[in-house]
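Chain by chain, the residues:
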Amino acid sequence: MIRVNNLTKRFDDVSVLRDISLSVEPGEFIALLGPSGSGKTTLLRIIAGLEFQDEGEVLVDGRDVSGLSVRDRQVGFVFQHYALFRHMTVAQNVGFGLSVRKRNRPPKREIEARAQELLRLVQLDGLGKRYPSQLSGGQRQRVALARALAIEPKLLLLDEPFGALDAKVRKDLRRWLRDLHRQMGLTSIFVTHDQEEALELADRVVVMDHGVIEQIGTPEEIYMEPATPFVSHFVGETNHLPDGLHVRPHDLRIVEEGGEAVLVDNVFRKGGVWRVEGVLSGTGEIVEIDLDAGSPAPQPGATIRVQPLRSKSFGG
Amino acid sequence: MTSLSLSRGRWRQPSVLPGFGLTFGVSVIWLSLIVLIPLATIFLRSAGMGWSDFVAAGFSDRALAAYRLSFGTAAAAGLVNVVFGLLIAWVLVRYSFPGKRVIGALVDLPFALPTAVAGIALTTIYAPSGWIGQFLDPLGVKVAFTPLGITIALIFIGLPFVVRSVEPVLADMGLEVEEAAATLGAGRAQTFFRIILPSILPALITGFAMAFARGVGEYGSVIFISGNMPGKTEIAPLLIVTQLEQYAYDGATAIATVMLVVSFAILLLLNGYQTLRRRRMGA
Ligand SMILES: Nc1ncnc2c1ncn2[C@@H]1O[C@H](COP(=O)(O)OP(=O)(O)O)[C@@H](O)[C@H]1O
Ligand SMILES: [Mg+2]
């Protein structure tokens, strides 16, 4: 089990992390979600031992690892840009962690066999003799993962693992990573700024902003019960209705009487729904509404009235 | 037509910029005017000498000693520069400290300084009564007027080549691969010898090759510190000048030809290794 207690980090007097506390249960898949610059990478690096906190502690199975160097922590770290060793073959990259062991280093044969095994696991069998420059982005990503798994880490940390990949590869790799995590019984933390990714993959999501944890919860909780206006905004789409009401586009419906008047700007198909874009007559705020694709779509220029089915209030 | 366009396709990389023919043509003409034709005249002249005359002048005992000295000291100086040039490049890339710009400029100074000035300065310092020489002399270490002195002059001349070729590669490599090695359990030495050194090896070899080539041909800074004793501390370029001064043009040409061939072979070898390595890595 990993526990982070009241972590603080400053770079040149600028607070990057403030009073961060969280715990990770064995087998959990945790997402650190937040906009760029919110301190996700820094937190991940401190947990790995690549960076050191100013205050607070990191406990692994109850033991403070703050004094332990990165090489002794046995965490797998997958870097945002993979950081593969360009002068080594794929198999040598994967075997590196075993080949630098000081104590009980396996014989060369065994390292090679283990590398092959891991490459099969990440579906790259047969590519062991290639060099990283001869692989696609998605393949490099999986080499980086296999390399990190070779040391049998207690904890797997991934920094924006899909950040540099195109949409299709991303989607495939996501699901595959989720399966691998379950299959191998890993404990993993991954960083992302993509809320969809976090909600789809993680057991629990840690939402961060400006070095502070805004909310920790299951994807369901984060989406349905956002704890702060920031979370409601950052996770999923949100409309601002008067009186501090935050409403999801699919939680609005058209009514004959009452509700709020909306001047329709634009209507288009978005997947299985009509997406209506308009302006609140009262406040001038932009509103987005999702309507059942089976229902008639309002015309641009028309004025409709909408009412929330469900909303979250954050005060005036 | 088809075969022509095919063979053209193999030679040129497709590019958004037109003008392969023009740029390639200018390059060839330029290289010919500046490098090839002057060098060719040396070969032509030595070809007119007759074989036995050529061997007599180009492979005399005095000439052989001069080659050994020139190539030996240039190689030694190149190797020393590989070690210390890497160290300096490392410091310049990895650390920021006051005066960093000054150090950066200092590295390039051997490029700018008239080499004779460097030679005179080094001789003054390393002569038995000089600043540094007075401490080395009692230890029995003689620098001025020995091969060691020549090597030191060549180290001075060659340093910028190694620093400047390694620096961008080190900067480009960044910290992440080192951190990756550390997370995988590698210690400092393992990270240096298995990750950093192989990554910058091509740049080191390029730096060595340039420093070495420069050292082999260096004249100005060496003649003051070397003492110029035939067969002992007489470098090959000096031997050529000596021959010229005695109007022994054939002799000078023969020695120049031998130096050219050997230098070219060594540079070709180093370049060939680089190409092989690049091709293997598919980059
Ligand atoms: N080594 C560093 N030195 C100074 N500032 C840093 C350093 N690393 C990160 N920062 C700053 O800390 C903040 C958080 O960075 P980071 O953890 O990388 O955010 P994220 O990964 O969420 O985008 C940013 O403002 C960034 O500029
Ligand atoms: Mg980041």
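Residues numbered from 1 in each chain as written. Chains lettered and ligands numbered in written order. Predicted model: local features only at pLDDT ≥ 70, side-chain atom pairs only at ≥ 80, totals over all residues. Heavy atoms only, no water.

Short version of the rule: UniProt positions are given in the numbering used here, feature names are shortened, and annotations may be inferred rather than shown by experiment.
Per an unreviewed UniProt entry, chain B carries the name Sulfate transport system permease protein CysT and comes from Sphingobium jiangsuense. What UniProt records for chain B under Sequence similarities (unreviewed entry) is the sentence "Belongs to the binding-protein-dependent transport system permease family. CysTW subfamily." Here chain B is described in UniProt, under the heading Subcellular location (unreviewed entry), as follows: "Cell membrane".

Looking at an unreviewed UniProt entry, one finds chain A named Sulfate transport system ATP-binding protein, with Sphingobium jiangsuense as its source organism.

1. Thoughts on the overall build of chain A
Using the following cut-off: Helix and strand definitions here come from DSSP, where helices need a minimum of 4 consecutive H or I residues and strands a minimum of 2 consecutive E residues; each element is numbered from the N-terminal end. Summary of the burial criterion: residues with accessible area below 20% of their type's maximum are buried, those above 50% are exposed, and those between are partly exposed, where the area comes from a 1.4 Å probe applied to protein chains only. Note on definitions: a residue-residue contact is assigned when non-hydrogen atoms from the two residues lie within 4.5 Å. Using a 1.4 Å probe, accessible areas were evaluated by the Shrake-Rupley method; residue-level cover was limited to the displayed protein chains. Here Asp and Glu are counted as negative and Lys and Arg as positive; His is not counted, and neither are the chain ends. The location of each charge is read from NZ of Lys, CZ of Arg, CG of Asp or CD of Glu.
Secondary structure assignment for chain A yields nine helices and 18 strands. Across the 316 residues that make up chain A, the buried fraction comes to 50%. In chain A, the share of contacts with a sequence separation of at least 24, taken over all contacts with a separation of at least 6, comes to 63%. When the accessible surface of chain A is totalled, it reaches about 14,700 Å², and 47% of it is carbon and sulfur. Taking the average location of the 40 positive side-chain charges in chain A and that of its 44 negative ones, the two points are 11 Å from each other.

2. Examining the sheet that holds strand E5 (residues 63-64) of chain A
Put simply, the rule is: We treat two strands as partners when DSSP finds at least two bridges between them.
Ordered in space as E2-E1-E4-E5 (chain A), the four strands form an open sheet in which the pairing is antiparallel. Every other strand in the sheet has two partners, leaving strand E2 (14-24) and E5 of chain A as the edge strands with one partner each.

3. Thoughts on the UniProt feature "transmembrane region" (unreviewed entry) in chain B
Those places that UniProt annotates as "transmembrane region" (unreviewed entry) correspond, in this numbering, to residues 20-44, 64-93, 105-127, 139-163, 192-213 and 247-270 of chain B. Its end C-alpha atoms 27 Å apart, residues 105-127 of chain B is made of 87% helix and 0% strand.

4. Details of empty space enclosed by the protein
Residue and element names in this part refer to chain A. Note the threshold: The definitions used throughout rest on a 1 Å grid laid over the protein atoms alone, on which a cavity is an enclosed set of points accommodating a 1.4 Å probe that cannot get out and a pocket is an open set flanked by protein within 12 Å on both sides along at least five of seven lines; lining residues are those having an atom within 4 Å of a point. Grid points are joined across faces, edges and corners, and a volume is the space filled by probe spheres set on the points. Residues are sorted three ways: Asp, Glu, Lys and Arg are charged, Ala, Val, Leu, Ile, Met, Phe, Trp, Tyr, Cys and Pro are nonpolar, and all the rest, Gly among them, are polar.
Summed over all chains, the structure comprises one cavity of 30 Å³ or more. Its boundaries defined by the atoms lining it, the largest cavity holds a volume of some 40 Å³. Looking at the largest cavity, the residues that line it are Gln141, Arg142, Leu145, Leu158, Phe162, Leu173, Trp176 and Leu177. When contributions to the lining of the largest cavity are tallied by element, the ones reaching two or more residues are helix H5 (137-149) and helix H6 (167-184). Split into classes, the residues belonging to the lining of the largest cavity amount to six nonpolar, one polar and one charged.

5. Remarks on the pattern of salt bridges
Residues and elements named next belong to chain A. The cut-off we apply is this: The term salt bridge refers to a side-chain nitrogen of Lys or Arg lying within 4 Å of a carboxyl oxygen of Asp or Glu.
The full count for this structure, using the stated rule, is 28 salt bridges over all chains. Among the salt bridges present, the one from Asp203 reaches Arg178, with a minimum N-O distance of 3.2 Å. Of the two residues, Asp203 is situated in the loop between helix H7 (195-201) and strand E9 (204-209) and Arg178 in helix H6; the sequence distance between them amounts to 25 residues. Residue Arg178 is classed as buried on the basis of its relative accessible area, which comes to 11%. A salt bridge links Glu225 to Lys312, with the nearest nitrogen and oxygen atoms 3.2 Å apart. Taken together, the residues Glu225 in the loop between helix H8 (219-224) and helix H9 (229-234) and Lys312 in strand E18 (residues 312-313) connect sequence positions 87 residues apart. We classify Glu225 as partly exposed; its relative accessible area is 48%. Each member of the salt-bridge network shares a partner with another, and the members are Arg170, Lys171, Arg174, Asp194, Glu196, Glu197 and Glu200.

6. Description of the site of ligand 1
All names here are of chain A. Going by this rule: Proximity criterion: a residue is near a molecule or strand once any of its heavy atoms comes within 4 Å of it. Pairs of N or O atoms are called polar contacts if they sit within 3.5 Å, as long as, within protein, a hydrogen donor faces a hydrogen acceptor (for residues adjacent in sequence, only side-chain-to-side-chain pairs).
Taken together, Phe11, Val16, Pro35, Ser36, Gly37, Ser38, Gly39, Lys40, Thr41 and Thr42 make up the full set of residues near ligand 1. In the model, an oxygen atom of ligand 1 is placed 3.2 Å from a nitrogen or oxygen of the Ser38 main chain. One of the side-chain N or O atoms of Lys40 is found 2.8 Å from an oxygen atom in ligand 1. Starting from 550 Å² of accessible surface for ligand 1 in isolation, the protein chains cover 56%. Tallying contributions element by element places helix H1 (residues 40-48) first for the shell around ligand 1, with three residues.

7. Here we look at a positive patch on the surface
Test applied: Patch membership requires over 30% relative accessible area and the absence of a salt bridge. Like charges are linked within 9 Å, and nonpolar side chains (Val, Leu, Ile, Met, Phe, Trp, Tyr) within 5 Å.
On the surface, Arg71(A), Lys102(A), Arg105(A) and Arg194(B) cluster together into a patch of positive charge. Take Arg194(B): it is sitting in helix H10 (residues 188-217).

8. Considering the domain arrangement of chain A
How big an interface is tends to be reported as the loss of accessible area on association of its parts. Residue and element names in this part refer to chain A. The line we're drawing: By convention here, the domain bounds are inherited from an automatic or database domain assignment. Each of two parts loses accessible area, computed with a 1.4 Å probe, when they are put together; buried area is these two losses added.
With domains assigned, chain A is organised as domain 1 (2-229) and domain 2 (238-313). The gap between the C-alpha centroids of domain 1 and domain 2 is 40 Å. Facing the six residues of domain 1 at the interface are five residues of domain 2. Buried surface at the junction of domain 1 and domain 2, both sides included, amounts to about 470 Å², of which 51% is carbon and sulfur. It is Tyr223, Met224 and Pro226 that lose the most area in domain 1 upon contact with domain 2, and together they represent 76% of the buried surface on that side. Where domain 1 packs against domain 2, one counts one salt bridge. In this assembly, domain 1 and domain 2 are joined by three residue pairs in polar contact (both at pLDDT 80 or more).

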